[in-house]
Amino acid sequence: MLPSIEHATEWLLGPEAPAETPRTHLLPRWIFLRALGVIYFSAFYSLIFQIKGLIGPRGILPAAAYLSDVANYYPGLQCFWFAPTLFWFGAGNHALMLITWLGLIASVAVILNLWPRAALAVCLICFLSFVAAAQDFSGYQSDGMLLEAGFISLFFAPPGFRPGLGATHAPSRLSLFLLRWEWFHIYFE
């Protein structure tokens, strides 16, 4: 008899079964998330010194002018789909620095294991905001990989404010598979 769709979905999205020794993935998950926080930290730290000169109002490729062109070419809500960035609300130097500092603080929270899912979501949104508005400065393969890994990590990270290793919330099979796929993709692309 074939397993039902409900059973297959529960197996894929649910945590590993005790027989599969989910505790073997707790320490590697903790280390991976701290390393991802360090990578986000290095990305935002370098942006603090560069973002005004790159996409600021007097920068090489001003984000405000770019977003204005995007809004003219893509009417209505299509512009938000084409360029998903918080800089739609403002692309002045203060807004650029606010988003960069917010991302930097969130990356420190990931490193310190403070509310990792929320901190990773803030890192992802802030970095996506930069990538979507930075035009030629964000066309690197590493930017896309960091966005992919950050998105998958939202489902991989344990919930809670100070989850420790997250022993009560083992990673799901799907998030483990997607991260393994990401690693395979990075190595063999």
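## Considering the overall build of the protein
1) Next: A count of helices and strands for the protein gives 8 helices and 0 strands.
2) Next: Reading the helices (α) and strands (β) of the protein from amino to carboxyl end gives α-α-α-α-α-α-α-α.
3) Next: Once local pairs closer than 6 in sequence are excluded, the contacts in the protein between residues at least 24 apart make up 74%.
4) Next: Carbon and sulfur atoms provide 71% of the accessible area of the protein, an area that totals close to 11,200 Å².

## Concerning the packing of helix α2 (residues 26-55) against helix α5 (residues 93-111)
1) Next: It is at 8 Å that the axes of α2 and α5 come closest, and there the two elements cross at 165°. As summarised for this structure, α2 and α5 are arranged roughly antiparallel, according to the angle between their axes. The handedness of the crossing between α2 and α5 comes out as left-handed.
2) Next: Classifying every residue of the contact of α2 with α5 gives 17 nonpolar, 5 polar and 2 charged.

## Comments concerning the nonpolar core
1) Next: Core analysis: the biggest nonpolar cluster contains 44 residues, and Y40, F44, I55, F87, L120, F127 and F130 have the highest contact counts within it.
2) Next: Listing elements by their share of this core, those giving two or more residues are α2, α3 (63-73), α5, α6 (116-133), α7 (141-156) and α8 (173-188).
3) Next: With 11 residues, α2 is the single largest residue contributor to this core.
4) Next: Beyond its immediate stretch of four places on either side in the chain, F127 contacts Y40, A43, F44, D143, L146 and L147.

## Examining the packing of aromatic side chains
1) Next: With the rule as written, the count across this model stands at 14 aromatic pairs.
2) Next: With 5.2 Å between their ring centres and 80° between their planes, Y45 and F49 make a pair best called edge-to-face. One end of the pair is Y45 and the other is F49, both in helix α2 and 4 residues apart, which spans about a single turn.
3) Next: Relative to F82, the ring of Y74 has its centre 4.5 Å away and its plane inclined at 25°; by these criteria the two rings are stacked.
4) Next: Residue Y74 is classed as partly exposed on the basis of its relative accessible area of 25%.

## Here's the deal with the side chain of S138
1) Next: For S138, the position within the fold is in the loop between α6 and α7.
2) Next: Exposure remark for S138: the relative accessible area of 10% places this residue in the buried category.
3) Next: Reaching out from S138, the side chain makes a polar contact with the backbone oxygen of V131 at a distance of 2.8 Å.
4) Next: Residues in contact with S138, not counting those within four places in the same chain, are V131 and D143.

## Quick word on the confidence of the model for the protein
1) Next: Confidence in the prediction for the protein averages 86 pLDDT; 88% of positions are at 70 or higher.
2) Next: Across the protein, α5 holds the top mean pLDDT of 96, while helix α1 (residues 5-13) sits lowest at 64.

## Some remarks on α8
1) Next: The terminal C-alpha atoms of α8, which comprises 16 residues, lie 22 Å apart, in line with the 22 Å expected from a rise of 1.5 Å per residue.
2) Next: Those residues of α8 that fall on the buried side of the exposure criterion are R173, S175, L176, L179 and E182.

## Thoughts on unusual backbone geometry
1) Next: Residue N113 is not a glycine yet carries a positive backbone phi of 60°.
2) Next: Relative to the helices and strands, N113 is located in the loop between α5 and α6.
3) Next: The residue Q135 is not glycine, and still its phi comes out positive at about 50°.

## Some points on the packing of α7 against α8
1) Next: Between α7 and α8, the shortest axis-to-axis distance is 9 Å and the interhelical angle comes to 165°. Classified by the interaxial angle, the pair formed by α7 and α8 is roughly antiparallel. Considering the relative orientation of α7 and α8, their crossing is left-handed. When α7 is examined against α8, the residues M145, E148, A149, I152, S153, F155 and F156 are found in contact with a partner set consisting of S175, L176, L178, L179, E182, H185 and I186.
2) Next: A per-class count over the contact of α7 with α8 returns 9 nonpolar, 3 polar and 2 charged.

Each value, and the rule that gives it
Residues numbered from 1 in each chain as written. Predicted model: local features only at pLDDT ≥ 70, side-chain atom pairs only at ≥ 80, totals over all residues. Heavy atoms only, no water. Helix = DSSP H or I, 4+ residues; strand = E, 2+ residues; numbered from the N terminus. Contact = heavy atoms within 4.5 Å. Areas by Shrake-Rupley, 256 points an atom, 1.4 Å probe, with all protein chains shown as cover. Axes fitted to C-alpha atoms, helices over the stretch in contact; angles between N-to-C directions. Parallel < 35°, antiparallel > 145°, perpendicular 65-115°, else oblique. Left-handed = near helix turned anticlockwise from the far one by under 90°. Nonpolar A, V, L, I, M, F, W, Y, C, P; charged D, E, K, R; others polar. Core = buried A, V, L, I, M, F, W, Y, C linked by side-chain atoms within 4.5 Å. Buried < 20%, exposed > 50% of the residue type's maximum accessible area, 1.4 Å probe, protein only. Phe/Tyr/Trp six-rings, centres within 6.5 Å; stacked < 30°, edge-to-face > 60°. Polar contact = N/O pair within 3.5 Å; in protein donor to acceptor, adjacent residues only side chain to side chain. pLDDT = per-residue confidence, 0-100. Expected span 1.5 Å × (residues − 1).

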